[in-house]
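# Results of the structural survey
Okay, here's what each chain looks like letter by letter:
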Amino acid sequence: MAKAALENGESVQLTADITLNVLESLLARIQIGKNNPQDITIDGTNPTTGQRHLLNIADIAVLAPTTQLYIGSTGMQKKTIKFTNLRINNNNYYGLCHPTNESYANGSTLLLENVGYNSSAQSLHFMQEVIAFSGNNTITQTAGTWSQELAETGRLDFRGGTTTINHAGGGSYGLIRIDQNPADGIAPGIQVSGGAKVSITANNAIFPASGAGIPQINIESKGSGSNLALNAGGHIFGVTGSSSSKAVASDGGTINVTKANNFYQTGTTNRTITATNNGHVNLKLAGSLYYYVQSQSPMSATQDSTIDIQSTTNLFTSYLQKSPITAYKNSTIKLASNSDVFGVYVQDSPISATNNSEVNLNAGKDIFAYIYNPSSGNPIMQMTTDTTSKMTLTAKDAFIRNIQANGLKLDIGGQLSATFGQYLAVSGARPLMHDFRDNSIIDLTINGAQNIANGLIPLASTGSYMKIGDDSQVTINNQTTTNQSVLFGLSGSNSPVTIGDSDVTINNNAVAATRLLENIKLNLENTTGQSPHTIYRGVSLTEKDQTKTTYPFVHFDSTIGTTNATNSSDTTFKTKFESLTSTQNIVQLHLHDPLPPEIITLINTGGLPTDDAQKFKFALNGTATPASELTLNFLSAAGQSLLKGPAKTAAANQTFDYQFESDLPTQPNQIVVEANYPAPYTLTTPVRKVLKIFQLAS
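In this report, we go over the structure that sits alongside the text. (Residues numbered from 1 in each chain as written. Predicted model: local features only at pLDDT ≥ 70, side-chain atom pairs only at ≥ 80, totals over all residues. Heavy atoms only, no water.)

## Things to note about the overall build of the protein chain
Counting secondary structure elements, the protein chain contains two helices and 59 strands. A compact globule built from 698 residues should have a C-alpha radius of gyration of about 26 Å, whereas the protein chain, at 38 Å, is more than 25% larger. The principal-axis extents of the C-alpha atoms in the protein chain amount to approximately 130 × 65 × 40 Å. Sequence-distant contacts, at least 24 apart, represent 79% of the contacts inside the protein chain between residues at least 6 apart. Summing over all exposed atoms, the protein chain offers an accessible surface of approximately 26000 Å²; the carbon and sulfur share of this is 47%. For the protein chain, the centre of its 42 positive side-chain charges and the centre of its 49 negative side-chain charges are spaced 3 Å apart. (Helix = DSSP H or I, 4+ residues; strand = E, 2+ residues; numbered from the N terminus. Rg over C-alpha atoms; globule rule 2.2 N^0.38 Å. Contact = heavy atoms within 4.5 Å. Areas by Shrake-Rupley, 256 points an atom, 1.4 Å probe, with all protein chains shown as cover. Lys, Arg positive; Asp, Glu negative; His and termini not counted. Charge placed at Lys NZ, Arg CZ, Asp CG, Glu CD.)

Spelled out as C-alpha cells, the structure:
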C-alpha cells in the first residue's frame, strides 16, 4: 500500500492484495493524512481487471492502539476516511483504523462502502465519531480472545444499500459500546436512512451494560424503504445509565426486532417508541418492553404507521406512569403478551385510537394487573376511540386484575371488540364507566371462569354506569357456565344502564339461575342526543325455554333489584318483563328498530258515509300497537291524501277510541284507518286498513 501517498492525504487504489503486519512502530505504520489532512479513500477495485482486492490486517501486536492504519493528529478532525470495494480481514482489537487519541478524530466519519469485512477481534474502534455504511456490505466478527463489541463508537449510520452484520462477541460484550456522544450533535446509537436495508445478528445485547452511561441512545430508521432488522441474544437497550433513549421509525422506515430479551433493560424516563409518517416498529421479545419503572415514556403511532410488539412474558414488568399510548391518523398499535400486557400498575397513562386508527391489546393472562388512581390533577384512567377508530381487547383471564378506587372509563365513539375470561378479578366494587357513544359498534364477550362474584359486567360501585347512545350496535355475550348476573349493579341504588335509539342485544347463558340483570336501573333515554325525544324500541324477549315474544314499539324503564318494577308504554310488555323472575328466565334481550304497527282489531260503531254524503261523523274503536297513532284518511285514486283526521294514540293496553266529524272531500277514492308512529319514528308508508271504497260515477 502506498504509505507515502496516504500520509500525504492522497486517496489510493489497490492493484493487488495487500497484507499489513509490521511490528508496532510509529515509523512503520501508516498515519493517514499526516502531512496533508483531508478526506481520504482507499479503493480496492483493480483499475485494470476490476477485481476487488484484499486488505489483510495481520497485526503481530493485536492490542496495539496505533493500528496499521491510524489517525495521529488533530488535523484529521471532521474528515471522512472511506474504505470502498474491499475485502478486509482484521485481527487488531482496535479495529480497522483507530485514532491514537480519540480527540484526533473528533467529528470524523469512518465510511465502509461495498466491503466484505471479517474480523477475529473487535472490528471497529472510533469512539467520538461516526461509523457509516453505504453500498452492499457484509461484516462478520467471529469469536476469539479479543472479539468483544463490534464497535466502540458514537453512532452507526447506514446511509443506503444493504448491510449484513453477524457479531459473535465474547463473554457479555454486545454489539456497540458508547462512551461518548458523537461530535456532530446527533444522538448516539444506530441510524438507518436512505432506503438502507440492515440486518444485524448479535449473540448478546445490542447496547450492552458496559459504557459510560450516555443518557440518550437512539435507534432510528427513517426514509422510504429503510429497514433495520435486529436479532439479539440479549437485550436491545442494556446500557447502564441510559434514561432517555428512543426508538423511532419515520417517513417510511421500519424497525424489526425478530429476537431479543428485554427491549429497554435500563432507564426509567423518556424512553419512547414512536412510528410516524408510514413508520413501522415490530418487536418480538422473549422478555419485556420495559424492565424498570417507567415515567413519561409515551408510545405513539401516527400518520399511517404501525407498532406491533409481542412478548412471551409480561410486556410491561414494572410501574408505568404518565406514558400515554396513542394511535392517530390511520395508524395501529398492537401489544400482545403470553402473560400480562401491563404486569404491574398503570397510572396517568391513557390509551386512545383516533382518526381511523386502532389499538389492539391481547393478553394470555390479564390486560391490566393493577390500575392506580390518578396522581393529583390528572383524570382517571381512560381508554378512548373516536367515531372512526377501533379498540380490540382480548384477555384469556381478566381484563382488570386489580384497580384502585377511582376506577376506569371506557369512552368509545367507534368500535370496541372485547373478549375477556373475566372483566374484574378483584373482590369489592370499583367505578367502571362505559360511554358507548352515538354510532358506536360494541361487541363485549365474557367467556371464562369467575373467581370473584362481581357479575360479568361489574357495575356495583357508586359511579358505575353504562350509557349507549343513538344509532349504535351493542352486543353483550355471556359465554360462561357461571350463574353470575350478566350486568350486575349496586344493591339498593341500582346502577344506571341507559339505551338510546340503538340496536342492543344482551345474550345470557342457559344456566337456570343466571340473571340477565341484577341491581340495574334500565332506561330508554339518551341525554346527550342531538334531538332529545322519548326513546321507543322494538323489543324481542327470548326465554330459556326458547319462547320468543316481540313488542313492536315500546318505551320503558325498569328496576331489577331487591324489588322489580317496570313502567312501560305497553302494558303487555310490562306484565311480561316483570314475570320473568328477575330476568333469570331470559336468554336474550334484543332492543331493535321499531317494527311496523298493527291494527289488531277495528270496530266501526258509527257506520260509513254513502257515496254522495257531504258530511259524516265517524265512530271507531279497537286495539292497536300501544303508543301508535291512529288516523282517518281520505285518499284520492292516485293515493294522495285529500283529508286527514286528527291522530289518536293507542293506550298502553292497546285500546283506542276514535271519533271524527267533518265535511267529506270531493271525489274520494277510499277511506282508510292508518297506524303510524310519532316523530322521529314516523313511517314513510303507514299501516292501513280500508274502511270504504267509493263507487265513482261513470
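Anyway, onward from the coordinates.
## Regarding the nonpolar core
Counting 150 residues, the largest nonpolar core has F83, F263, I273, L289, F342, F368 and F399 as its most contacted members. In contact with F83, other than residues within four places in its own chain, are I42, L55, L69, L96, C97, L110, L111, L112, E113 and V115. Of all hydrophobic cores here, the second largest spans 19 residues; its members include A613, A650, F660 and F694. (Core = buried A, V, L, I, M, F, W, Y, C linked by side-chain atoms within 4.5 Å. Buried < 20%, exposed > 50% of the residue type's maximum accessible area, 1.4 Å probe, protein only.)

## Thoughts on the pairing of strand β10 (residues 124-134)
Most of β10 sits inside the fold, with 11 of its 11 residues counted as buried. Taken together, the seven bridges between β10 and strand β12 (residues 151-158) define a ladder with parallel strand orientation. Bridge pairing in β12 places F133 opposite F158. (Pairing = 2+ DSSP bridges.)

## Some points on the environment of S569
Mapped onto the secondary structure, S569 falls in the loop between β50 (564-568) and α2 (571-578). For S569, a relative accessible area of 15% puts it in the buried group. Once the C-alpha coordinates of S569 and T480 are considered, the two residues, 89 residues apart in sequence, prove to be 34 Å apart.

## Re the pairing of strand β58 (residues 670-676)
Counting buried residues along β58, seven of its seven residues qualify, which places the element largely inside the surrounding structure. Going residue by residue along β58, you find Q670, V672, E674 and N676 tucked away on one face and I671, V673 and A675 tucked away on the opposite face as well.

## Re the side chain of R271
Within the secondary structure, R271 is located in the loop between β20 (254-259) and β21 (272-276). Among buried charged residues, R271 stands out as having no salt bridge; its nearest opposite-charge side chain is D179, 15 Å away. A distance of 2.7 Å separates the side chain of R271 from the backbone oxygen of T266, its partner in a polar contact. (Salt bridge = Lys/Arg side-chain N within 4 Å of Asp/Glu carboxyl O. Polar contact = N/O pair within 3.5 Å; in protein donor to acceptor, adjacent residues only side chain to side chain.)

## Details of the sheet that holds strand β3 (residues 30-31)
The strand order across the open sheet built from three strands is β3-β6-β8, with neighbouring strands paired in parallel fashion. The sheet terminates laterally at β3 and β8 (98-99), the two strands that pair on one side only. Of the strand pairs in this sheet, strand β6 (residues 69-71) and β8 are connected by two bridges, and their pairing is parallel. Residue pairing in the sheet places Y70 in a bridge with H98 of β8.

## Section: the environment of G169
Here G169 shows up in the loop between β13 (162-167) and β14 (176-177). For the pair G169 and A121, spaced 48 residues apart in sequence, the C-alpha separation works out to 8.7 Å. If sequence neighbours within four positions are ignored, G169 has contacts with S147, Q148, N203 and N204.

## Comments concerning the pattern of salt bridges
According to the stated counting rule, one finds 22 salt bridges in the structure shown. Where K576 meets E543, a salt bridge forms, and the shortest distance between an N and an O atom there is 2.6 Å. Separated by 33 residues along the polypeptide, K576 in helix α2 and E543 in strand β47 (residues 537-543) bring together distant segments of the chain. Judged by its relative accessible area of 11%, E543 is buried. Close ionic contact of D611 with K692 constitutes a salt bridge, the shortest N to O distance being 2.8 Å. Pair noted here: D611 is in the loop between β52 (599-604) and β53 (615-624) and K692 is in strand β59 (residues 687-693), with a separation of 81 residues, a long-range link. The exposure class of D611 is partly exposed, given its relative accessible area of 38%.

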